[in-house]
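Secondary and tertiary structure notes
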Amino acid sequence: MIFAGVTEATWDSLVLESSSPVLVEFWAPWCGPCRMIHPLKDKLAKQYAGKLNCYKVNTDESPSIATKYGIRSIPTVMIFKNGEKKDAIVGAVPESTLTTSIEKFL
Amino acid sequence: MKALQASTSYNVGFGISAAAPPPRPSRHRHVILAQVEPTEKSVEIMRKFSEQYARRSGTYFCVEKGVTSVVIKGLAEHKDTLGAPLCPCRHYDDKYAEAQQGFWNCPCVPMRERKECHCMLFLTPDNDFAGQEQAITLEEIKETTANM
């Protein structure tokens with residue numbers, strides 16, 4: 001399973017109106033640390049399949065979403081539930097940091 | 001200003017002829033990609049800068065040289081398009097204004113003041129991801145970014 005991309009056009013339906021919690025990775029093509037956590041998040045997407053929806057946002061292609069949610073450092077991972085932002089994790093963090101956050105919202 | 005306007009859409013109305021980036025190489029124009037490859041000249045400039053600055057600041061490249069390579073290419077791409085090596089690991093509301101302002105141009109203020117590089121280009125020796133090297137070749141950069 002790979003992370004599907006979400007854009008301005010699909011943001012509301014895929015993220016805000018999702019019945020399951022949603023994990024969103026904000027990334028950019030030339031961001032080095034983003035490359036380090038891509039495989040980690042692919043693994044998490046598999047691990048939480050059916051319980052958590054996982055998407056990624058290319059901040060160069062969808063700048064208005066990144067601006068709306070105050071993204072500064074990339075990568076930033078956000079968790080949404082019931083249309084609300086619940087948590088934000090900045091930088092290339094260890095797997096345990098992400099799982100701890102995910103578990104809180106399942 | 002006619003030539004400036006003709007170079008890239010980013011320049012229109014910006015009025016910064018001194019820092020104006022060169023036009024993008026025409027060889028890329030027919031390629032449809034999510035991202036444009038930076039010019040080899042800018043990659044080489046940023047590669048050399050990175051080696052020199054790592055030595056000068058006593059920092060090291062990431063054990064995973066792919067991270068280093070991607071960041072160097074990102075800096076080069078910003079140098080091509082913005083005229084300055086703006087940090088590629090941040091989101092900006094206005095990249096062009098930010099490049100002019102300079103705070104996040106590499107080496108950014110947090111790096112110069114506190115050796116903080118969240119892009120993981122320059123890592124202090126105590127960082128878990130710090131490698132042993134302060135050198136990277138153009139070949140390494142090409143190899144580790146070939147599958148992007």
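The rules behind the values
- Residues numbered from 1 in each chain as written.
- Chains lettered and ligands numbered in written order.
- Predicted model: local features only at pLDDT ≥ 70, side-chain atom pairs only at ≥ 80, totals over all residues.
- Heavy atoms only, no water.
- UniProt positions renumbered as here; feature names shortened; annotations may be inferred.
- Disulfide = S-S within 2.5 Å.
- Helix = DSSP H or I, 4+ residues; strand = E, 2+ residues; numbered from the N terminus.
- Buried < 20%, exposed > 50% of the residue type's maximum accessible area, 1.4 Å probe, protein only.
- Right-handed = clockwise from strand over helix to strand, strands pointing away.
- Pairing = 2+ DSSP bridges.
- 1 Å grid on protein atoms, 1.4 Å probe; cavity = no way out; pocket = protein on both sides within 12 Å on 5 of 7 lines; lining within 4 Å.
- Points joined across faces, edges and corners; volume = space filled by probe spheres on them.
- Nonpolar A, V, L, I, M, F, W, Y, C, P; charged D, E, K, R; others polar.

By the naming in an unreviewed UniProt entry, chain B goes by Ferredoxin-thioredoxin reductase catalytic chain, chloroplastic and is assigned to Olea europaea subsp. europaea. Taken verbatim from the UniProt record of chain B, the Subunit (unreviewed entry) comment is "Heterodimer of subunit A (variable subunit) and subunit B (catalytic subunit). Heterodimeric FTR forms a complex with ferredoxin and thioredoxin." According to the UniProt record, the Function (unreviewed entry) comment for chain B is "Catalytic subunit of the ferredoxin-thioredoxin reductase (FTR), which catalyzes the two-electron reduction of thioredoxins by the electrons provided by reduced ferredoxin."

Under the annotation held in an unreviewed UniProt entry, chain A carries the name Thioredoxin and is attributed to Olea europaea subsp. europaea. Taken from UniProt, the Sequence similarities (unreviewed entry) comment for chain A reads in full: "Belongs to the thioredoxin family."

Residue and element names in this part refer to chain B. Taken as a whole, this structure holds two disulfides over all chains when the rule is applied. For Cys 89, the disulfide goes to Cys 119, at an S-S distance of 1.9 Å. Disulfide Cys 89-Cys 119: torsion about the S-S bond near 75°, hence right-handed. Taken together, the positions of Cys 89 in the loop between helix 3 (65-82) and helix 4 (95-101) and Cys 119 in the loop between helix 5 (109-114) and helix 6 (138-144) put the pair 30 residues apart, joining distant regions of the chain. Considered together, Cys 89 and Cys 119 belong to a single accessibility category, that of buried residues. Of all cysteine sulfurs, the one in Cys 117 lies closest to Cys 62, which takes part in no disulfide; the gap is 10 Å. Summary of cysteine pairing: Cys 117 is not part of a disulfide, and the nearest cysteine sulfur, belonging to Cys 119, is at 5.5 Å. Accessibility expressed as a relative area gives 19% for Cys 117, which makes it buried.

Turning our eyes to something else, we now look at the pairing of strand 2 (residues 22-27) of chain A. Residues and elements named next belong to chain A. The buried fraction of strand 2 is high, at six of six residues. Burial of the side chains of strand 2 extends over both faces: Val 22, Val 24 and Phe 26 are buried on one face and Leu 23, Glu 25 and Trp 27 on the other. For the handedness criterion, the β-α-β arrangement of strand 2, helix 2 (residues 32-47) and strand 3 (residues 53-58) is classed as right-handed. Sheet topology places strand 2 next to strand 4 (residues 76-81); five bridges connect them, and they run antiparallel. When the sheet's bridge partners are listed, Phe 26 is paired in strand 4 with Thr 76.

Moving on: empty space enclosed by the protein. All names here are of chain B. Counting across every chain of the model gives three cavities of 30 Å³ or more. Every residue lining the largest cavity is counted, 15 residues in all, and those nearest its centre are Cys 87, Cys 106, Cys 108, Cys 117 and Cys 119. Here the lining of the largest cavity is composed, by residue class, of 12 nonpolar, two polar and one charged.

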